[in-house]
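Read off the chains here:
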Amino acid sequence: MSAREEAARTLLELDAEVAACRACPRLVAWRDEVSRVKVARFAGDDYWGRPIPGFGDPDARILVLGLAPAAHGGNRTGRVFTGDRSGDVLFAALHRAGLARIATSTAADDGQALTGCRVTAAVRCAPPMNKPTPTERDRCAPFLVREAAALHDLRVVVALGAFAWDASLRTLAALGWSTRPRPRFGHGAEARMGPLTLLGCYHPSQQNTFTGRLTPAMVDTVLERAVALAAWDDAERPATARAAGVEGRRG
Ligand code: SF4
């Protein structure tokens, strides 16, 4: 079995496990209620109302990480960053970067596909007020560790917001990489851990995009950097990264 086939099989099994999870009583109740009550503009939709698996290429060198699905976005459509304004901004940028087939992400059957990239969330169920508790965060964290470990050629993690940055550091630490001294989140922040590079990007929430704190050009700059890092041939990568890739990774 090729590395791609192995990754695809592992991710498929993981996705099924994620979608069936009911481990957090508060989030299960919330996602069920949101899916039943709905909002007027989506009153005719059948909501997914379950945890959201990651989406993208088993050969992904770039993993884009968000906080959690939106109540009427991913929780409605069943695909991460799909059917909401944050997803509009993110997928348009992924398309400009050459990572997404089309510039929109509106429904699970819209024909969207990612190449060299996977998008996922640190917490898989929509939380009230977009705020999971620390217990919920920690309970969901092993899914992300397993997802990152399954990506056999992962090189770059793009963390959308401080919550995702923190989750990325916890994940990389769980995979055996030193995350000390702890790098600080910021837009454009960059930290290297072994063969992996963590990039920070403000979250494409309306709170950031409507206020101009985050512009499409700013997202483009981070994704261009991610693509450049991911494109390095092994011979071009820093010697420390190559050595760590061979000797240091335990995940
Ligand atoms: S947040 Fe994660 S651990 Fe909690 S119910 Fe959803 S999928 Fe399961």
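How each quantity is defined
- Residues numbered from 1 in each chain as written.
- Predicted model: local features only at pLDDT ≥ 70, side-chain atom pairs only at ≥ 80, totals over all residues.
- Near = placed C-beta within 6 Å.
- Helix = DSSP H or I, 4+ residues; strand = E, 2+ residues; numbered from the N terminus.
- pLDDT = per-residue confidence, 0-100.
- Contact = placed C-beta atoms within 7 Å.
- Expected span 1.5 Å × (residues − 1).
- Buried ≥ 20, exposed ≤ 12 C-beta atoms within 10 Å, placed from the backbone.
- Arc of directions from axis to C-beta.
- Core = buried A, V, L, I, M, F, W, Y, C linked by C-beta atoms within 7 Å.
- Axes fitted to C-alpha atoms, helices over the stretch in contact; angles between N-to-C directions.
- Parallel < 35°, antiparallel > 145°, perpendicular 65-115°, else oblique.
- Left-handed = near helix turned anticlockwise from the far one by under 90°.
- Pairing = 2+ DSSP bridges.

A. Examining the site of the ligand more closely. Around the ligand, the structure places 14 residues, and the nearest of them are Cys21, Cys24, Pro51, Cys125 and Cys140. Of all the secondary structure elements, the ones that give two or more residues to the shell around the ligand are helix H2 (25-37) and helix H5 (134-150). Looking at the shell around the ligand, the element that brings in the most residues is H5, giving three residues.

B. Geometry of the confidence of the model for the chain. The pLDDT averaged across the chain works out to 92; a share of 92% of its residues lies at or above 70. This stretch, residues 237-251, has a pLDDT under 50; its non-local contacts, to residues over four places away or in other chains, come to 22 contacts.

C. Spatial organisation of helix H8 (residues 216-231). The end-to-end C-alpha distance of H8 is 22 Å, a good match for the 22 Å that 16 residues give at a rise of 1.5 Å each. Taken residue by residue, H8 has Val219, Val222, Leu223 and Ala226 as its buried positions. One side of H8 carries all its buried residues, which in axial view fall inside an arc of 95°. More than 90 degrees from the buried face of H8, the exposed residues found are Ala217, Ala228 and Ala231. For H8, the secondary structure elements touched by its buried residues are strand E2 (62-66), helix H4 (85-96), strand E4 (156-160) and strand E6 (196-201).

D. Up close: the nonpolar core. In terms of nonpolar packing, the biggest core is built from 65 residues, with Leu65, Ala122, Val158 and Ala159 touching the most fellow members. Among all residues touching Ala122, those that are not within four sequence positions of it are Leu65, Leu67, Ala68, Arg137, Leu144, Phe163, Ala164 and Ala167.

E. Just unusual backbone geometry, in detail. Going from Arg180 to Pro181, the amide bond is cis rather than trans, its omega being -5°. Tracing the sequence through the fold places Pro181 in the loop between helix H6 (162-174) and strand E5 (190-193). Look at Met129: it is not a glycine, yet its phi comes out positive at around 60°. Locating Met129 in the fold gives a position in the loop between strand E3 (117-121) and H5. Positive phi, normally seen in glycine, also occurs at Asn130, with a value near 60°. By the secondary structure assignment, Asn130 is in the loop between E3 and H5.

F. The packing of helix H1 (residues 3-19) against H5, seen in detail. Axis separation between H1 and H5 bottoms out at 9 Å; the angle between their running directions is 165°. The orientation of H1 relative to H5 falls into the category roughly antiparallel. The hand of the H1/H5 crossing is left-handed. Between H1, through Ala7, Thr10, Leu11, Leu14 and Val18, and H5, the contact on the second element is made entirely by Phe143, Arg146, Glu147 and Ala150.

G. View of the sheet that holds strand E1 (residues 55-56). Judged by pairing direction, the sheet is mixed, and its six strands sit side by side in the order E1-E3-E2-E4-E6-E5 without closing on themselves. The sheet is open, and its two borders are formed by E1 and E5, each paired with just one other strand. The pairing of E1 with E3 spans two bridges and is classified as antiparallel. Its bridge partner lying in E3, Phe55 is registered against Val119. H6 contacts E2, E4, E5 and E6 of the sheet and is inclined by roughly 145° relative to E4.

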